[in-house]
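Fold and geometry: a report
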Amino acid sequence: MTPLEGTLNTLTLLLRLGLAVVMGFAAYNKLLDPGAFVFSIEGFRILPDHMIPAAAFLLPWLEAVIAVALFLGLGGRAAAAISAVLLLTFIGGFISVLARDLSVDCGCFGKYKLLCTPAVGTEANPDAGRNFIWCKMGENSLFAAAALLVTIWGPGFFSWDTPFGRRKAAAADSDAGVTYPRDDAGAV
């Protein structure tokens, strides 16, 4: 393994684990207070009323499954790709809120906030609510970028995908007559 590959594997490991923590934290807080999350979804005025309870139930569980998959590196690329799609969907929701000039509290992390603090517009700062939405779009864009990098570069070190994927690929290549140099331990 070259130093560049080692650095890239370390970077993608850190991105994958960071994304797992974010997704897990979001899921945990939504599951702690499902009523507040239902209220947050209603504020976006995107889904019909009859779909809101199902979305409020399914989304945190989807985030939890993604978090576990990312943490373990089991289906790491797929989990990262699904989280990227989810985050881009959230960004689309925020764009919709801006276009319709709504004021919302996203409910992303329950009562906790990561980078953005919700603010209510006042006479002194009438755009505070809009600034919060722009901040949330930036925050979600950072997480989506991390997810896309893991999707493209792979899950990095300490991933269940890596040993199984290498052995499977090596077995397929061996069947095709392709050989690879082995390390000192005999692994491909």
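Residues numbered from 1 in each chain as written. Predicted model: local features only at pLDDT ≥ 70, side-chain atom pairs only at ≥ 80, totals over all residues. Heavy atoms only, no water.

Right, let's get into the overall build of the protein chain. Within the protein chain one finds six helices and zero strands. N-terminal to C-terminal, the α/β element order of the protein chain is α-α-α-α-α-α. Within the protein chain, buried positions represent 35% of all 188 residues. At a minimum sequence separation of 6, the contacts of the protein chain that also span at least 24 residues come to 74%. Carbon and sulfur atoms provide 69% of the accessible area of the protein chain, an area that totals close to 11,200 Å². (Helix = DSSP H or I, 4+ residues; strand = E, 2+ residues; numbered from the N terminus. Buried < 20%, exposed > 50% of the residue type's maximum accessible area, 1.4 Å probe, protein only. Contact = heavy atoms within 4.5 Å. Areas by Shrake-Rupley, 256 points an atom, 1.4 Å probe, with all protein chains shown as cover.)

A few words now on the packing of aromatic side chains. Counted according to the given criterion, the structure contains three aromatic pairs. Considering the side-chain rings of Phe 44 and Phe 94, the 5.6 Å spacing of their centres and the 55° angle between planes classify their relative orientation as tilted. Remark: Phe 94 occurs in helix H4 (residues 76-99) and Phe 44 occurs in helix H2 (residues 34-44); sequence separation between them is 50 residues. On the accessibility criterion, Phe 44 (13% relative accessible area) is buried. Aromatic side chains Phe 157 and Phe 158 sit 6.3 Å apart centroid to centroid with 55° between the ring planes, which places their arrangement in the tilted category. Accessibility expressed as a relative area gives 26% for Phe 157, which makes it partly exposed. (Phe/Tyr/Trp six-rings, centres within 6.5 Å; stacked < 30°, edge-to-face > 60°.)

All right, on to helix H3 (residues 52-72) then. For H3, built from 21 residues, the straight-helix expectation of 30 Å at 1.5 Å per residue is met to within 8% by its first-to-last C-alpha distance of 31 Å. Taken together, the buried positions of H3 are Ile 52, Ala 56, Leu 59, Pro 60, Glu 63, Ala 64, Ile 66, Ala 67, Ala 69 and Leu 70. Those residues of H3 that are buried are in contact with helix H1 (3-32), H2 and H4. Looking at the residues trailing H3, positive phi occurs at Gly 73, about 70°. (Expected span 1.5 Å × (residues − 1).)

The next subject is the nonpolar core. Grouped together as the largest cluster of nonpolar side chains are 37 residues, with contacts concentrated most on Leu 19, Met 23, Leu 70, Phe 94 and Ile 133. Those elements that place two or more of their residues in this core are H1, H2, H3, H4 and helix H5 (128-153). Of the residues forming this core, the biggest block, nine residues, is contributed by H4. The residues contacting Leu 19, other than those within four sequence positions of it, are Leu 70, Ser 83, Leu 87, Phe 143 and Ala 147. (Core = buried A, V, L, I, M, F, W, Y, C linked by side-chain atoms within 4.5 Å.)

A word on the confidence of the model for the protein chain. Regions with low pLDDT carry predicted coordinates that are not meant to be interpreted in detail. Summarising the model, the protein chain shows a mean pLDDT of 83, and 80% of its residues fall at 70 or more. The least confident element of the protein chain is helix H6 (residues 161-175), whose mean pLDDT is 52; the most confident is H3, at 96. Scored below 50 in pLDDT, residues 167-173 shows three contacts in the model against residues more than four places distant or in partner chains. (pLDDT = per-residue confidence, 0-100.)

Here the focus is the packing of H2 against H3. Closest axis-to-axis distance for the H2/H3 pair is 9 Å, and the angle between their directions is 120°. Between H2 and H3, the interaxial angle falls into the category oblique. Both H2 and H3 take part in a crossing whose hand is right-handed. Residues Phe 37, Val 38, Ile 41 and Glu 42 of H2 touch H3, and the partners they reach there are Ile 52, Ala 55, Ala 56, Leu 59 and Pro 60. Partitioned by chemical class, the residues of the contact of H2 with H3 number eight nonpolar, no polar and one charged. (Axes fitted to C-alpha atoms, helices over the stretch in contact; angles between N-to-C directions. Parallel < 35°, antiparallel > 145°, perpendicular 65-115°, else oblique. Left-handed = near helix turned anticlockwise from the far one by under 90°. Nonpolar A, V, L, I, M, F, W, Y, C, P; charged D, E, K, R; others polar.)

Turning next to the pattern of salt bridges. Counting across every chain of the model gives two salt bridges. Among the salt bridges present, the one from Glu 63 reaches Lys 30, with a minimum N-O distance of 2.7 Å. Separated by 33 residues along the polypeptide, Glu 63 in helix H3 and Lys 30 in helix H1 bring together distant segments of the chain. Owing to a relative accessible area of 4%, Lys 30 belongs among the buried residues under this scheme. For the salt bridge of Lys 136 with Glu 139, the shortest nitrogen-to-oxygen distance reads 2.3 Å. One end of the pair is Lys 136 and the other is Glu 139, both in helix H5 and three residues apart, which spans about a single turn. With respect to class, Lys 136 is no different from Glu 139; both count as buried. (Salt bridge = Lys/Arg side-chain N within 4 Å of Asp/Glu carboxyl O.)

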